[in-house]
Amino acid sequence: MTAASPYTIRLAIPAIATYQHLRVAAGMSAKSTVAAAKGLPNSLFAVQILHGDEVVGMGRIIGDGGCFYQVTDIAVLPAHQGKGLGKRILGEIMQFIETQVPQSAYVSLIADGQAQDLYAQFGFKHTAPASVGMALKR
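Caption draft 1: Region of interest: the overall build of the protein. Helices and strands together make up the secondary structure of the protein, namely four helices and five strands. Helices and strands appear in the protein in the N-to-C order β-α-α-β-β-β-α-β-α. Principal-axis analysis of the C-alpha atoms gives the protein an extent of 45 × 35 × 30 Å. Each of the 138 residues in the protein was classed as buried or not, and the buried ones make up 33%. Expressed as a percentage of contacts within the protein between residues at least 6 apart in sequence, the contacts between residues at least 24 apart total 60%. Carbon and sulfur atoms form 56% of the exposed surface of the protein, whose accessible area is close to 8,500 Å². When the 11 positive and 8 negative side-chain charges of the protein are each reduced to one mean point, those points stand 6 Å apart.

Right, here's the structure in full:
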């Protein structure tokens, strides 16, 4: 980030407790410790935003590493929202996509609420009506 910014970037998978806290605090669904412990190490890319020593934002890419990638877990603590941190997280994710993801790969995400406006700034487009997102939650 800029020299005057109180925020720094860490390109690393968050700790399980940090991941769980950020998701819930940002209004996302809770993930069990078992699920987080199994899933987080399988991240293809992860970015964290720190304010001092506190992780206040994160984002990840998951997928098969060649054909399919999904942007997920974009979360910023409410006290730090509205400061461009989501955009910074997406910027790091896009740099990974541009440099590490093959040209024919399909990169997807699920946009909740107004987050679609942020994702659109980075070139993501609605897939409907040609295709629609579907989910099976457990």
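Caption draft 2: Highlighting unusual backbone geometry. Omega for the bond connecting A128 with P129 falls within 30 degrees of zero, at 5 degrees, which places this linkage in the cis form. One can find P129 in the segment after α4 (115-121). Non-glycine residue D73 carries a positive phi angle of around 60 degrees.

Caption draft 3: Up close: the packing of aromatic side chains. Counted according to the given criterion, the structure contains three aromatic pairs. Geometrically, the ring pair formed by Y119 and F124 is edge-to-face, given 6.4 Å between the ring centres and 70 degrees between the ring planes. With a relative accessible area of 9%, Y119 lands in the buried category. According to the relative accessible area criterion, F124 is buried, its value standing at 17%.

Caption draft 4: Geometry of the nonpolar core. In this structure, I61, V71, I74, I89, I93, I97 and Y119 are the most contacted members of the largest nonpolar core, which totals 32 residues. Among the elements that take part in this core, helix α3 (residues 85-100) stands out by supplying seven residues, more than any other. Excluding residues that lie within four positions of it along the chain, V71 makes contacts with R60, I93, I97, V107, S108, L109 and F124.

Caption draft 5: Structural context of the sheet that holds strand β1 (residues 7-10). Taken in spatial order, the five strands of this open sheet run β1-β2-β3-β4-β5, and their pairing is mixed. Edge positions in the sheet fall to β1 and β5 (106-109), since each has one partner strand and no second. Strand-to-strand, the axes of this sheet are offset by a mean angle of 20 degrees, without reference to chain direction. Relative to strand β4 (residues 68-76), strand β3 (residues 54-63) is paired through six bridges, and the arrangement is antiparallel. Its bridge partner lying in β4, M58 is registered against A75.

What counts as what
Residues numbered from 1 in each chain as written. Predicted model: local features only at pLDDT ≥ 70, side-chain atom pairs only at ≥ 80, totals over all residues. Heavy atoms only, no water. Helix = DSSP H or I, 4+ residues; strand = E, 2+ residues; numbered from the N terminus. Buried < 20%, exposed > 50% of the residue type's maximum accessible area, 1.4 Å probe, protein only. Contact = heavy atoms within 4.5 Å. Areas by Shrake-Rupley, 256 points an atom, 1.4 Å probe, with all protein chains shown as cover. Lys, Arg positive; Asp, Glu negative; His and termini not counted. Charge placed at Lys NZ, Arg CZ, Asp CG, Glu CD. Phe/Tyr/Trp six-rings, centres within 6.5 Å; stacked < 30°, edge-to-face > 60°. Core = buried A, V, L, I, M, F, W, Y, C linked by side-chain atoms within 4.5 Å. Pairing = 2+ DSSP bridges. Axes fitted to C-alpha atoms, helices over the stretch in contact; angles between N-to-C directions.

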